[in-house]
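# Overview (structure and organization)
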There are 2 protein chains.
Amino acid sequence: MTLSLHAASVPVFAQLLGGLSDVLAKAAAHATERKIEPDALLQSRLFPDMFPLLRQVQIACDFAKSVSARLAGAEVPAWEDSEKTFDELQARIRRTLDFIAGLDAGAFEGAAGREIVLRPGTPKERRLDGQAYLLAYGLPQFFFHVTTSYALLRHGGVEIGKRDFMGKY
Amino acid sequence: MTLSLHAASVPVFAQLLGGLSDVLAKAAAHATERKIEPDALLQSRLFPDMFPLLRQVQIACDFAKSVSARLAGAEVPAWEDSEKTFDELQARIRRTLDFIAGLDAGAFEGAAGREIVLRPGTPKERRLDGQAYLLAYGLPQFFFHVTTSYALLRHGGVEIGKRDFMGKY
């Protein structure tokens, strides 16, 4: 028995983005209860030259969107990074979930052998087949930003646990 | 085209554990250069009730080992958590890499439908088939601890980047 590229991407992204949504909801409630300025969390960083929480969440959504779209052979929609609040981040996660749920699972067949070009036309251009693109690049990148978002909020004192991170499975 | 359970587990764990090894090597060198007590990094936590770096690395190795073994239908070896230094963590990563490399890829066939029991005999017992065990549980857990290890060191001022985290692909 083997896995489809769809099974190894869209449901994984959906589960973890659901967890991220719950984590962010707890963070927003925590900020309200403790009279913490939301930006104290949204703009928090683990180190000064790392991205703040808000950007980590945007990038996690971007990887879910772009990896799923490329595996499906669909165009990657370009979305502005205009979010400034917890509510706007929730909307971005919902938009991402809707987008990946709307991709045709059948279109992922054949993706494993399809060539995908990273950073085309740049000195860092890289060509990977669909399988390597998902397993060696897309999943690690996605998990990096979801986990870093969680780590930032945990470090900031929000009462969340790994069960929240994991989402529903 | 589809993925084997082996392709979606062992090479992913190996790539990221290779990255983790590089990250820890940079951390150890950083501590030596700056005359930082290694335990200041090894025992560092992002929040007081989270596990310190040393334990995060042990757990990352444990998920790579146990998820791979269970998918292969092999016994999960029990290893003591006796590491106290960067060198000992490197040895644990090597031992993990050797163990998963030694599993028979053919033994992963049929794993997707095999039932795997989490926390057997406890109130949190959970039964998953091999596919869900890897995609919904094993990979997220593994990535959580690898990324948290990186985040801890980044937060501690070690000069590492996402390229180190990603490993070789």
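Residues numbered from 1 in each chain as written. Chains lettered and ligands numbered in written order. Predicted model: local features only at pLDDT ≥ 70, side-chain atom pairs only at ≥ 80, totals over all residues. Heavy atoms only, no water.

Looking at an unreviewed UniProt entry, one finds chain A named DUF1993 domain-containing protein, with Arenimonas terrae as its source organism.

## Remarks on the overall build of chain A
Helix and strand counts for chain A come out as six helices and two strands. Helices and strands in chain A line up, N terminus first, as α-α-α-α-β-β-α-α. Taken against the 2.2 N^0.38 rule, which gives 15 Å for 169 residues, the C-alpha radius of gyration of chain A at 17 Å falls within 12% of a compact globule. Structurally, chain A occupies a C-alpha span of about 50 × 40 × 25 Å along its principal axes. Burial status across chain A gives 53% buried among its 169 residues. (Helix = DSSP H or I, 4+ residues; strand = E, 2+ residues; numbered from the N terminus. Rg over C-alpha atoms; globule rule 2.2 N^0.38 Å. Buried < 20%, exposed > 50% of the residue type's maximum accessible area, 1.4 Å probe, protein only.)

## A short note on the interface of chain B and chain A
Across the contact, 44 residues belong to chain B and 44 residues belong to chain A. With both sides pooled, the region where chain B packs onto chain A buries about 4,100 Å², and carbon together with sulfur makes up 66% of that total. Run the count over chain B and chain A and you get two salt bridges. Among the salt bridges present, the one from B:Arg154 reaches A:Asp49, with a minimum N-O distance of 2.8 Å. (Contact = heavy atoms within 4.5 Å. Buried area = accessible area lost by both parts, 1.4 Å probe. Salt bridge = Lys/Arg side-chain N within 4 Å of Asp/Glu carboxyl O.)

## Quick notes on the relation of the copies chain B and chain A
Superposing chain B onto chain A requires a rotation of 180° together with a translation of 0.0 Å along the rotation axis, leaving an RMSD of 0.0 Å. Both copies of the chain, as the preceding transformation shows, are related through a two-fold rotation axis. Closest approach to the rotation axis within chain B is made by the C-alpha atom of B:Leu3, at a distance of 2.5 Å. A symmetric contact is evident, with 100% of the interface residues of chain B recurring at the interface of chain A. (Least-squares fit on C-alpha atoms with pLDDT ≥ 70 in both.)

## Things to note about helix 5 (residues 130–155) of chain A
Structurally, the α-helix is built with 3.6 residues per turn, so residues lying three or four positions apart point the same way. Residue and element names in this part refer to chain A. Taking 1.5 Å of rise per residue, 26 residues should cover 38 Å, and helix 5 covers 35 Å from first to last C-alpha, within 8% of that figure. The largest bend in helix 5 comes to about 35°, at Gly138, with the proline Pro140 one to four residues further on. Of all 26 residues in helix 5, 23 are buried, a share of seventy percent or more. Gly157, located one to two residues past helix 5, shows a positive phi value of around 90°. (Expected span 1.5 Å × (residues − 1). Bend = angle between axes of the 7 residues up to and from the residue.)

## Considering the side chain of B:Ser149
Tracing the backbone shows B:Ser149 in helix 5 (residues 130–155). Excluding its chain neighbours within four sequence positions, the residues that come into contact with B:Ser149 are B:Leu20, B:Leu53, B:Gln56 and B:Val57.

## Quick look at the environment of B:Ala14
Residues and elements named next belong to chain B. Topologically, Ala14 is positioned in helix 1 (residues 10–33). Residue class for Ala14 comes out partly exposed when judged on its relative accessible area of 30%. Once the C-alpha coordinates of Ala14 and Ile93 are considered, the two residues, 79 residues apart in sequence, prove to be 9.4 Å apart. When residues no more than four places from it in sequence are discounted, the contact partners of Ala14 are Leu97 and Ile100.

## Description of the packing of aromatic side chains
The final tally for this structure, using the stated rule, is 19 aromatic pairs over all chains. An angle of 65° between the planes, with centres 4.8 Å apart, marks the rings of A:Phe144 and B:Phe165 as edge-to-face. In this pair, A:Phe144 sits in helix 5 while B:Phe165 sits in helix 6 (residues 162–166), so the two residues belong to two different chains. Accessibility classification places A:Phe144 together with B:Phe165 in one group, the buried group. (Phe/Tyr/Trp six-rings, centres within 6.5 Å; stacked < 30°, edge-to-face > 60°.)

## Thoughts on unusual backbone geometry
Positive phi values are uncommon outside glycine, yet A:Lys35 reaches one of about 55°. Relative to the helices and strands, A:Lys35 resides in the loop between helix 1 (10–33) and helix 2 (38–42). With a phi angle near 45°, B:Arg119 is a residue other than glycine that sits in the positive phi range. Secondary-structure assignment places B:Arg119 in the loop between strand 1 (115–118) and strand 2 (126–129). The class of B:Arg119 is partly exposed, set by a relative accessible area of 33%.

## Description of the pattern of salt bridges
The full count for this structure, using the stated rule, is 22 salt bridges over all chains. Overlapping salt bridges, with partners in common, bring together A:Arg55, A:Asp62, A:Lys65, A:Asp81, A:Glu83 and A:Arg92 in one network.

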